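# Examining the three-dimensional arrangement
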Amino acid sequence: MKLTKIFMTSTALAFAAGAVAAADMANEMTIVSWGGAYSKSQLNAYHNPYSEKTGVTIINDDSSAEAVAKLRAMNEAGNVTWDVVDVVAADAMRLCDEGLAEEIDFNSQLAPAPDGTTAEDDFGALLVSDCFIPQIVYSTTFGYRTDLVGDTAPSSICDVFDLEAYPGKRSLEKRPINNMEWALLCDGVDKADVYDVLETSEGQDQALAKLDTIKDSVVWWSAGADTPQLLADGEVVMGSTYNGRLFSVIEEQKQPVAMLWDAQVFDLDGWIIPAGLSEERKARALDYIYFATDTQRLADQAKYISYGPARASSAPLVGQHADLGIDMAPHMPTDPNNAQNTFLYNYEFWADYRDDIDAKFQAWLAK
């Protein structure tokens, strides 16, 4: 009898502990992003207001650069620990194609615009995947130290490859995307032909050969915060990163840095919901997505970082920086003065060729 009572008591305690853990789980969600100024803008525009509204605690994870590999591993292990993940459009396409991201019914699972326009019409052509909810239009471009470039500031993307006119270190992202395109542009390939050339082995070799000309002068970065820090410390003369990171180092930190907008590469960033969540977690993730991608919330993010909101209805609501009080429109990559010579990123190309070109690029780096 005593043993039975002990067993029942132990069972009850275990059940109670499980119930507490489940309750905690219901009040927490892990959202994965990129860190730095970008995650801070999401915290201010999305996470804090959502937590205040719902009581849900949001755990931030800055692993978006490894999102594809980690979601593949989680899915294989049958243990998906992330609830909402911020990825670039090409990665969203890969995850969707591999069944690692949930498909979204845009009009029923996302908020309409204030005037009743459907989400599908409001996002328009930026809905490039059935699994991807875009947040922002951003660009990868170059910043340079104004005190280290001499009397003539760089004005062309090809100045990055000119070690004679602009000696010193430059920082490039440790992946083929953007670097390969810029290399071909500066090796005489017409903008319209870049991806046709890049899909061939010869074109890839051509891009790597051009990158070889500056390889010894490159500091390779993996995190978006790296180039702004390298520029602030004067360790590089120029370097690539996301335009919002450069806005932060220029306008918020007041470092002697300026933007090189030439051949900036437009891209999209947004949310996916991982496949394999319980129904409860999926419902909570969808609730967050509905809230965080409405018209006002996307406009609010532009108060903290210079990325253009993905909804058409959000653009008129973009005003001044929340802390600096400066107009944000001139700092957007989409501003006409900044977008005179843009390069349009090909999402489908990189979704198809990323793994193969990645392997080739990493082998080249190791030489």
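Now for a quick tour of the structure. (Residues numbered from 1 in each chain as written. Predicted model: local features only at pLDDT ≥ 70, side-chain atom pairs only at ≥ 80, totals over all residues. Heavy atoms only, no water.)

### Here we look at the pattern of salt bridges
In the structure shown here, the tally under the stated rule is 17 salt bridges. For D355, the salt bridge identified is with R72, shortest N-O distance 3.5 Å. Of this pair, D355 sits in helix α14 (residues 347-365) while R72 sits in helix α3 (residues 67-77); the two residues are 283 residues apart in sequence, bridging distant segments of the chain. On the basis of relative accessibility, which here comes to 42%, the residue D355 falls in the partly exposed class. Under the relative-accessibility criterion, R72 is labelled partly exposed at 29%. With a closest N to O distance of 2.8 Å, R145 and D147 form a salt bridge. Residue R145 is classed as buried on the basis of its relative accessible area of 10%. Its relative accessible area of 44% is what places D147 among the partly exposed residues. Connected via shared salt-bridge partners are R72, D91, R94, E98, R354, D355 and D358. (Salt bridge = Lys/Arg side-chain N within 4 Å of Asp/Glu carboxyl O. Helix = DSSP H or I, 4+ residues; strand = E, 2+ residues; numbered from the N terminus. Buried < 20%, exposed > 50% of the residue type's maximum accessible area, 1.4 Å probe, protein only.)

### A word on the state of the cysteines
Applying the stated rule across the entire model yields two disulfides. Between C96 and C131 runs a disulfide, and the two sulfur atoms are separated by 2.0 Å. Torsion about the S-S bond of the C96 and C131 cystine: about 60 degrees, corresponding to right-handed handedness. Of this pair, C96 sits in helix α4 (residues 89-97) while C131 sits in the loop between α6 (119-123) and β4 (133-145), and the two are 35 residues apart along the sequence. Note on accessibility: C96 and C131 belong to one class, buried. A sulfur-sulfur distance of 2.2 Å marks the disulfide that ties C158 to C186. Looking down the S-S bond of the C158 and C186 bridge, the torsion is -100 degrees, so its handedness is left-handed. With a gap of 28 residues between them, C158 in the loop between β4 and β5 (170-173) and C186 in the loop between α7 (179-185) and α8 (194-198) connect regions that are remote in the sequence. For the protein, the bonded cysteines connect in the pattern 1-2, 3-4 when numbered consecutively along the sequence. (Disulfide = S-S within 2.5 Å.)

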